[in-house]
Amino acid sequence: MLAEMTGEAFNEARSTADISFLYQGITFTVYSQQDQGIERIFPFDLIPRIIPGSEWSFIERGLTQRVTALNQFLYDIYHDQRILKDKLIPSDLIFGAQNFRREMIGVNVPKNVYAHIMGTDLVRDDQGNYFVLEDNLRSPSGVSYMLENRQAMKRTFAGLFQRYGVRAVATISTC
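Residues numbered from 1 in each chain as written. Predicted model: local features only at pLDDT ≥ 70, side-chain atom pairs only at ≥ 80, totals over all residues. Heavy atoms only, no water.

Draft legend 1. Focus on the side chain of Ser-20. Mapped onto the elements of the fold, Ser-20 is located in helix 1 (residues 7-24). Within the structure, Ser-20 has its side chain in polar contact with the side chain of Arg-155 (distance 3.0 Å). (Helix = DSSP H or I, 4+ residues; strand = E, 2+ residues; numbered from the N terminus. Polar contact = N/O pair within 3.5 Å; in protein donor to acceptor, adjacent residues only side chain to side chain.)

The structure is reproduced here in structure tokens:
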């Protein structure tokens, strides 16, 4: 589809997406050395990164395992604290952490799920292997950008998602 587009049509589609992001307030602030915030439109690339289903299945299994392990870690920290008793992690690293909440010790949360939404940044090396750069369990701001990016792609290339069997975001889940 991209090969059939003229340069003018491509630029028009990109401009339409940028305007849509601007009108919806999908922006971020860039701070200069003078501490003045400048609003920028969140970058949007009309050429998507396509992950084949077989690769995505592998990534999804790994992410499911990872979010399960992180929730089990949080359960342990707020309950039995075996990881601290076994000295696998220094206790001052946990108890001194800014986001550790002593008042949560012993509190049972529904289904033992502490992290309901998790942002995991993946990188890919030159041999095609995926690696986790970091996990964000607090408030992964990238989630909203991902959702808006998907909507912009669907508006820009109507019908393309269905034709090629692109999985809906709603079907991508873990726990």
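Draft legend 2. Inspection of a nonpolar patch on the surface at higher detail. A contiguous nonpolar patch, built from Ile-19, Leu-22, Tyr-23 and Ile-41 and spanning about 420 Å² of accessible area, is present on the exposed surface. With three residues, helix 1 is the largest single contributor of residues to the nonpolar patch. Locating Ile-19 in the fold gives a position in helix 1. (Patch = residues over 30% accessible without salt bridge, like charges linked within 9 Å, V, L, I, M, F, W, Y side chains within 5 Å. Areas by Shrake-Rupley, 256 points an atom, 1.4 Å probe, with all protein chains shown as cover. Salt bridge = Lys/Arg side-chain N within 4 Å of Asp/Glu carboxyl O.)

Draft legend 3. Structural detail: the pattern of salt bridges. If you walk through the whole model with that rule in mind, you get three salt bridges. With a closest N to O distance of 2.8 Å, Arg-66 and Asp-135 form a salt bridge. You can see Arg-66 sitting in helix 2 (residues 53-78) and its partner Asp-135 sitting in strand 4 (residues 130-136), a full 69 residues away along the chain. Look at Asp-135 and you get partly exposed, because its relative accessible area is 25%. Among the ionic pairs, Arg-82 bridges to Asp-76, the shortest N-O distance being 3.6 Å. With relative accessibility at 52%, the residue Arg-82 sits in the exposed group. Judged by its relative accessible area of 8%, Asp-76 is buried. (Buried < 20%, exposed > 50% of the residue type's maximum accessible area, 1.4 Å probe, protein only.)

Draft legend 4. Geometry of the packing of aromatic side chains. Using the criterion set out here, one finds four aromatic pairs in the structure. With 5.3 Å between their ring centres and 75° between their planes, Phe-95 and Phe-100 make a pair best called edge-to-face. A connected cluster of aromatic rings, assembled from ring pairs, spans Tyr-78, Phe-95, Phe-100 and Tyr-114. (Phe/Tyr/Trp six-rings, centres within 6.5 Å; stacked < 30°, edge-to-face > 60°.)

Draft legend 5. Focus on unusual backbone geometry. With a phi angle near 55°, Gln-81 is a residue other than glycine that sits in the positive phi range. Looking at the element boundaries, Gln-81 is found in the loop between helix 2 and helix 3 (82-85).

Draft legend 6. Representation of the nonpolar core within the structure. Among the nonpolar cores identified, the biggest contains 13 residues, and Phe-21, Ile-26, Phe-44, Leu-46, Ala-152, Met-153 and Phe-157 are the most heavily contacted of them. Broken down by secondary-structure element, the contributors of at least two residues to this core are helix 1, helix 5 (142-156) and helix 6 (160-163). A per-element tally of this core places helix 1 first, with four residues. Once you skip the residues sitting within four places of it in the chain, Phe-21 turns out to touch Ile-26, Ile-41, Phe-42, Phe-44, Glu-148, Asn-149 and Ala-152. Counting 10 residues, the second-largest nonpolar core is a separate cluster that includes Leu-74, Tyr-78, Phe-100 and Val-109. (Core = buried A, V, L, I, M, F, W, Y, C linked by side-chain atoms within 4.5 Å. Contact = heavy atoms within 4.5 Å.)

Draft legend 7. Representation of the environment of Gly-119 within the structure. Residue position: Gly-119 is located in strand 3 (residues 119-124). Residues Gly-119 and Asn-71 lie 48 residues apart in sequence; the distance between their C-alpha atoms is 14 Å.

Draft legend 8. Expanded view of helix 2. Counted at 1.5 Å a residue, the expected span for helix 2 with its 26 residues is 38 Å, and the 37 Å between its end C-alpha atoms agrees. Buried within helix 2 are the following residues: Ile-59, Glu-60, Leu-63, Val-67, Asn-71, Leu-74, Asp-76, Ile-77 and Tyr-78. Those residues of helix 2 that are buried lie in contact with helix 3, helix 4 (91-95), strand 3 and strand 4. (Expected span 1.5 Å × (residues − 1).)

Draft legend 9. Here's a closer look at the pairing of strand 4. Across six bridges, strand 3 lies against strand 4 in antiparallel orientation. Bridge assignment links Leu-122 to a residue of strand 4, and that residue is Val-132. (Pairing = 2+ DSSP bridges.)

Draft legend 10. Molecular detail of the environment of Arg-61. Relative to the elements of secondary structure, Arg-61 occurs in helix 2. Taking C-alpha positions, Arg-61 is 26 Å from Met-153, a pair spaced 92 residues apart along the chain.

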